[in-house]
Amino acid sequence: WMQLLRNDANPKHPMSNFGTGNIETLKENPEKLGFHVRKRLLEFHQKYYSANLMCLVVLGKKSLDELSELVRAKFGPVVNHDVQVPSGPEIG
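As the structure is a computational prediction, the values presented were derived from the model and not from experiment. What you see as residue numbers is a count from 1 along each chain, following the sequence as written. Side-chain atom pairs in this predicted model are given and counted only at pLDDT of 80 or more, local residue features only at pLDDT of at least 70, and totals for whole chains, interfaces and linings cover all residues. Excluding hydrogens and water, the side-chain figures rest on all heavy atoms present in the structure.

Which parts of the structure should I look at to understand the packing of aromatic side chains?
The geometry of an aromatic ring pair comes down to the distance between the two centres and the angle between the two planes. Pairing of aromatic rings covers Phe, Tyr and the six-membered ring of Trp, with a centre-to-centre limit of 6.5 Å; geometry is then stacked below 30 degrees between planes, edge-to-face above 60, and tilted otherwise. Here the structure, examined in full by the defined rule, presents one aromatic pair. A ring pair is formed by Phe44 and Tyr48, whose centres lie 4.8 Å apart and whose planes are at 40°; its orientation type is tilted. Of this pair, Phe44 and Tyr48 both sit in helix 3 (residues 37–48), four residues apart, which is roughly one turn of that helix. Classification of Phe44 as partly exposed rests on a relative accessible area of 43%. Of the residues examined, Tyr48 reaches a relative accessible area of 11% and is grouped as buried. Here a helix means four or more residues in a row that DSSP labels H or I, a strand means two or more in a row labelled E, and each is numbered from the N terminus. Accessibility here uses a 1.4 Å probe with only protein chains present; expressed as a share of the type maximum, an area under 20% marks a residue as buried, one over 50% as exposed, and anything in between as partly exposed.

Help me understand the pattern of salt bridges, please; the structure alone is not making it clear to me.
Should the charged atoms of two oppositely charged side chains come close, the side chains can pair. Salt bridges are defined as contacts in which a side-chain nitrogen from Lys or Arg sits within 4 Å of a carboxyl oxygen from Asp or Glu. For the coordinates displayed, the defined rule picks out three salt bridges. Here Arg40 makes a salt bridge to Glu43, at a shortest N to O gap of 3.9 Å. Taken together, the residues Arg40 and Glu43, both in helix 3 and three residues apart, mark about one turn of the helix. A residue is classified by how much of its surface remains accessible, and Arg40, at 40% relative accessible area, is partly exposed. Each of Lys39, Arg40 and Glu43 takes part in salt bridges that share partners, so that together they form one network.

Please clarify how the side chain of Arg6 should be interpreted in this entry.
Looking at where Arg6 falls in the secondary structure, it is placed in helix 1 (residues 2–8). Buried and unpaired, Arg6 has no salt bridge, with Asp8 as the nearest side chain of opposite charge at 12 Å. Residues within four places of Arg6 in sequence aside, it is in contact with Met15, Ser16, Asn17 and Gly19. Think of it this way: Lys and Arg go in the positive column, Asp and Glu in the negative one, and His and the chain ends go nowhere. Any pair of residues with heavy atoms lying within 4.5 Å of one another is described as a contacting pair.

What exactly am I supposed to notice about the environment of Val79 here?
Within the secondary structure, Val79 is located in the segment after helix 4 (64–75). For Val79, a relative accessible area of 45% puts it in the partly exposed group. Separated by 27 residues in sequence, Val79 and Asn52 place their C-alpha atoms 8.5 Å apart. Contacts of Val79, omitting those with residues within four sequence positions, involve Tyr49, Ser50 and Ala51.

Written out as structure tokens, the structure reads:
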């Protein structure tokens, strides 16, 4: 819920900023241990941001055809990497 508010906030307002962690917990401390949070997040996204792992619910006042067209335009480009949901040690 909070992330939805952040997404809709004015980009110039602090509410639109990332709200969990800080420079110390997300960069400085992990880098001391040889762990690069941004790099790992990008790797995770590249591997698991896959159409076969997603579900979408759409609700709107437009016709089904119009909603379908909007969904195809927004989500059609999401690639299906045919990956499985990670579990156990894979999670990290």
